[in-house]
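What follows is each chain in one-letter form.
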Amino acid sequence: MFRTLRQAAFDLVTPTIVLFDWHATLVDTLDAMYHALDEALPSFEALGLSARMVKPEESRTTDDASLVAFVREHARLHPRIKAERKISRTDIFEVLFGADDEAKQIAHKAFNERYRNHFGEVHPFEGGERDILEELHTFDVKIGVLTNREREFFEHEISVVEDGSWVGLFDTAVCGGDTYWRKPNPEPILKALANLEESPGLHCWYVGDSSTDVAAAKRAGCTAVLFNGARWDKEWLEKVFPGTTEHPHQPDVIVDSFVDFKWLFEECLVVNGRYQRPC
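Read on for an overview of the structure. Just so it is clear, the structure is predicted and the values come from calculations on it, not from any experiment.

1. Considering empty space enclosed by the protein
In step 1: Scanning all chains against the criterion turns up 1 cavity of 30 Å³ or more.
In step 2: Each pocket or cavity is described by its volume, and for the largest cavity that value is around 150 Å³.
In step 3: What lines the largest cavity is a set of 14 residues, and nearest its centre among them are D21, H23, S88, T90 and N148.
In step 4: Sorting the residues of the lining of the largest cavity by element identifies helix 5 (89-97) and helix 10 (211-219) as the ones contributing at least two each.
In step 5: Among the residues forming the lining of the largest cavity, the class breakdown is 1 nonpolar, 7 polar and 6 charged.

2. Some thoughts on the pattern of salt bridges
In step 1: Across all of its chains, the model carries 30 salt bridges by this definition.
In step 2: If you follow the salt bridges from partner to partner, you end up with R6, E135, K262, E266, E267 and R277 in one network.

3. Quick word on the layout of surface pockets
In step 1: Empty space within the largest pocket amounts to approximately 720 Å³.
In step 2: E94, G98, A99, K104 and H247 are, among the 29 residues lining the largest pocket, the residues nearest its centre.
In step 3: Of all elements in the fold, only helix 5, helix 6 (101-115) and helix 10 reach the threshold of two or more residues within the lining of the largest pocket.
In step 4: A per-class count over the lining of the largest pocket returns 10 nonpolar, 9 polar and 10 charged.
In step 5: Roughly 420 Å³ of volume is contained in the second largest pocket.
In step 6: Around the second largest pocket, the lining comprises 24 residues; the ones closest to its centre are D63, D64, I87, W232 and W236.
In step 7: Secondary-structure elements contributing two or more residues to the lining of the second largest pocket are helix 3 (62-74), helix 4 (79-84), helix 5 and helix 11 (234-240).
In step 8: Among the elements that take part in the lining of the second largest pocket, helix 3 stands out by supplying 5 residues, more than any other.
In step 9: In terms of residue class, the lining of the second largest pocket is made up of 8 nonpolar, 6 polar and 10 charged.

4. Focus on helix 7 (residues 129-138)
In step 1: All of the buried residues along helix 7 are E129, I132, L133, E135 and L136. For helix 7, the buried positions fall inside an angular range of 160 degrees around the axis, keeping them on one side. The outward face of helix 7, more than 90 degrees from its buried face, is lined by the exposed residues D131 and T138.
In step 2: On its buried side, helix 7 packs onto strand 1 (17-21), strand 3 (123-124), strand 4 (142-146) and helix 12 (258-271).
In step 3: Positive backbone phi, at 60 degrees, marks D140, one or two positions downstream of helix 7.

5. Notes on unusual backbone geometry
In step 1: Cis geometry marks the peptide bond from K183 to P184, where omega comes out at 20 degrees.
In step 2: Position of P184 relative to the elements: it lies in the loop between strand 5 (172-174) and helix 9 (187-195).
In step 3: With a phi close to 60 degrees, D163 is a non-glycine residue in the positive phi region.
In step 4: Looking at the secondary structure, you find D163 in the loop between helix 8 (151-160) and strand 5.

6. Digging into the nonpolar core
In step 1: Among the nonpolar cores identified, the biggest contains 36 residues, and W22, W166, F170 and F261 are the most heavily contacted of them.
In step 2: Setting aside residues up to four positions removed in sequence, F261 forms contacts with V18, F20, I132, L136, W205, V207 and V255.
In step 3: L49, V54, F97 and F153 belong to the second largest nonpolar core, which has 29 residues in total.

About the thresholds
Residues numbered from 1 in each chain as written. Predicted model: local features only at pLDDT ≥ 70, side-chain atom pairs only at ≥ 80, totals over all residues. Heavy atoms only, no water. 1 Å grid on protein atoms, 1.4 Å probe; cavity = no way out; pocket = protein on both sides within 12 Å on 5 of 7 lines; lining within 4 Å. Points joined across faces, edges and corners; volume = space filled by probe spheres on them. Helix = DSSP H or I, 4+ residues; strand = E, 2+ residues; numbered from the N terminus. Nonpolar A, V, L, I, M, F, W, Y, C, P; charged D, E, K, R; others polar. Salt bridge = Lys/Arg side-chain N within 4 Å of Asp/Glu carboxyl O. Buried < 20%, exposed > 50% of the residue type's maximum accessible area, 1.4 Å probe, protein only. Arc of directions from axis to C-beta. Contact = heavy atoms within 4.5 Å. Core = buried A, V, L, I, M, F, W, Y, C linked by side-chain atoms within 4.5 Å.

Structural data, given as structure tokens:
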């Protein structure tokens, strides 16, 4: 169903632009995110959001249905969700509200008000990401970061990750308040490309950890690289990316780590005669 890395190296357009998701792709801010969600979810009733949640039976998967049912009843996340540390705030809101973009905007605002109480600690998701970002620049690849986080949060986080050594690495950064619509709408990707004075196309890879990121990339006409840092298995991936009329968007390639990403990028260069791996 999904390309292998070797197949992708021959099939994909070698990127001249690589855009990255921030949270749970480049960096780990999961603890602060879940603390803020714990505080935001009980406010959904007063905000009129509880009544706007999708019906569990209308969910994409049984796991999604369970998440919706539990939040509806308890106004919090199931402890298993937080223990697994595999799903982001944006994907949770996609599961809860489906196509109701206005409800998601209200939910994001409620989250941001609580996130202000918790953000601050941030670490590279795996380690070695900065070296890869610097390598991309050596091949004249423009790089950017997209996040549904507000700019005040992102600017603080990038200033402290690895003692501030990431500051200046990105050619553009698009944050949650920079566009009217958030991912999975393609507007943040298109905004980043406009900032770079570039056009959408398969030469632009968007690397993110969620179905939200994949949908945004495909809707923007770019190459969707799923970063499977949560190590979801093949069965789960096939449920989340069924390729149906209702849920058509699938990743062009899946990488399980930045070691995989580095290999894939370099192999695309090898295929195109632009790089020779060291012996």
